[in-house]
Amino acid sequence: MVIGNPGSAARGNPAGEADRAWIEREQDQARAWEAIGARYDEAFPHKDGQLAMVRTMLELMPPGARVLDIGSGTGLPTARQLTAAGCRVTCLDISPRMLGIAEQNVPEAEFVLGDVMDLSADGPGFEAVTAFFVLLHLPREKVRTALGLIGEVLVPGGWFAVAMVEGDVDDVPITFLDSRIRVTGILRDDLRTLLSESGFAVEHERVLSYAPETSSAKPEIQMFFLCHKADERS
Ligand SMILES: C[S@@+](CC[C@H](N)C(=O)[O-])C[C@H]1O[C@@H](n2cnc3c(N)ncnc32)[C@H](O)[C@@H]1O
């Protein structure tokens, strides 16, 4: 797997207007997360849905599985839960500060600074990918592209756990924990369809309402999907 710094895929080509705009956008998103840091865990301390989905996934995976945690944030709870279960975890995040906090929380993991949009398959692949509340930071059209890239880094039959916030907005700026950040909400049925069109079979699905522990973030409906990548050989 090759993962570059935010916007590096675009930087490989003579950057056109659209590429430059994308790089700047992602740098703004990364800056917002640099400011948020550990406040994220203070605002969202209860992760029962996420923990339960990873527990289910762990029961289905081979021991010592290689797992890519995209948008790993502080490494809590997911990277820690996975390493505690014996998985070999790679944390990928666009924010150096979030990766630094994750490294303190989960020293056993590997850490890669990069953008999910720069993922490229090269090497043995992962038995599982987790992407909890990270794809919601992409415009809707790029969520589809990201799902395709995730499919490419997964081994045939690999597992994909994803969480999004339900909504019908595309790449809107919001104030979140006092930072400006862009978010996309997808409706439940549309996300299910998108996953299926991207080559994933949904095996488990859960929807929860969540009230953050702060008035600087709004209550939300969280959707968790555990999917199985179709084995092309079968
Ligand atoms: C809402 S937090 C979720 C953190 C963690 N997955 C969790 O559930 O606790 C989103 C994380 O995704 C990272 N992120 C945002 N856009 C990203 C991108 N395009 N590629 C990789 N990471 C990204 C942010 O820096 C942040 O750490």
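About the cut-offs
- Residues numbered from 1 in each chain as written.
- Predicted model: local features only at pLDDT ≥ 70, side-chain atom pairs only at ≥ 80, totals over all residues.
- Core = buried A, V, L, I, M, F, W, Y, C linked by C-beta atoms within 7 Å.
- Buried ≥ 20, exposed ≤ 12 C-beta atoms within 10 Å, placed from the backbone.
- Helix = DSSP H or I, 4+ residues; strand = E, 2+ residues; numbered from the N terminus.
- Contact = placed C-beta atoms within 7 Å.
- Near = placed C-beta within 6 Å.
- Nonpolar A, V, L, I, M, F, W, Y, C, P; charged D, E, K, R; others polar.
- Arc of directions from axis to C-beta.
- Pairing = 2+ DSSP bridges.
- Axes fitted to C-alpha atoms, helices over the stretch in contact; angles between N-to-C directions.
- Expected span 1.5 Å × (residues − 1).
- UniProt positions renumbered as here; feature names shortened; annotations may be inferred.

Moving on, we come to the nonpolar core. A general trend in soluble globular proteins is that nonpolar side chains are found buried together. Ranked by size, the top nonpolar core spans 60 residues in total, and within it Ala 102, Val 129, Leu 135, Ile 150 and Phe 160 carry the most contacts. Among the elements that line this core, the one with the most residues is strand 5 (residues 154-165), at 7 residues. Those residues within four positions of Ile 150 in sequence are excluded, and the remaining contacts are Val 129, Ala 131 and Phe 160.

As a further point, take the site of the ligand. Taken together, 20 residues surround the ligand, and among them Trp 33, Gly 71, Gly 73, Ser 95 and Phe 132 come closest. At the level of secondary structure, the elements contributing two or more residues to the shell around the ligand comprise helix 2 (17-36) and strand 2 (88-93). Here the shell around the ligand is composed, by residue class, of 11 nonpolar, 7 polar and 2 charged.

Next up on the list: helix 6 (residues 96-105). Taken together, the buried positions of helix 6 are occupied by Met 98, Leu 99, Ile 101, Ala 102 and Asn 105. The arc that holds the buried residues of helix 6, viewed along the axis, is 160°, so those residues lie on one side.

Okay, the environment of Trp 33 next. With respect to the element layout, Trp 33 can be found in helix 2. Take Trp 33: there are 23 C-beta atoms within 10 Å of it, and that puts it in the buried class. For the pair formed by Trp 33 and Glu 213, sequence separation is 180 residues and the distance between their alpha carbons is 18 Å. Once residues lying within four places of it in the same chain are set aside, the contact partners of Trp 33 are Ile 94, Ser 95, Arg 97 and Met 98.

What follows deals with the sheet that holds strand 9 (residues 220-229). Spatially, the 7 strands line up as an open sheet ordered 3-2-1-4-5-9-8, and their pairing is mixed. Single-partner strands in this sheet number two, and they are strand 3 (110-113) and strand 8 (200-210). Ignoring which end each strand starts from, the neighbouring axes of this sheet average 15° apart. Here strand 5 pairs with strand 9 via 7 bridges, running antiparallel. Directly across from Ala 161, in strand 9, lies its bridge partner Leu 226. Helix 6 rests against strand 2 and strand 3 of the sheet, and its axis sits at about 175° to strand 3.

All right, on to helix 4 (residues 48-60) then. Between its terminal C-alpha atoms helix 4 stretches 19 Å, which fits the 18 Å expected from 13 residues at 1.5 Å a residue. Along helix 4, the positions that sit buried rather than exposed are Gln 50, Met 53, Val 54 and Met 57. Burial along helix 4 is one-sided: seen end-on, the buried residues are contained in an arc of 95°. Away from the buried face of helix 4 by more than 90 degrees, exposed residues Asp 48, Arg 55 and Glu 59 are located. Buried-residue contacts for helix 4 involve helix 5 (78-84), strand 4 (126-132), strand 5, strand 8 and strand 9.

The next subject is the environment of Leu 76. Turning to its location among the elements, Leu 76 is positioned in the loop between strand 1 (66-70) and helix 5. A count of 20 C-beta atoms within 10 Å places Leu 76 in the buried class. Each residue touching Leu 76, except ones within four places of it in the same chain, is listed here: Asp 41 and Asn 105.

Another point: the UniProt feature "domain: Methyltransferase" (unreviewed entry) in the chain. Per the UniProt entry, the sites bearing "domain: Methyltransferase" (unreviewed entry) are residues 67-158 in this numbering. Helix and strand shares over residues 67-158 are 34% and 28% respectively, and the end C-alpha atoms of the span are 10 Å apart.

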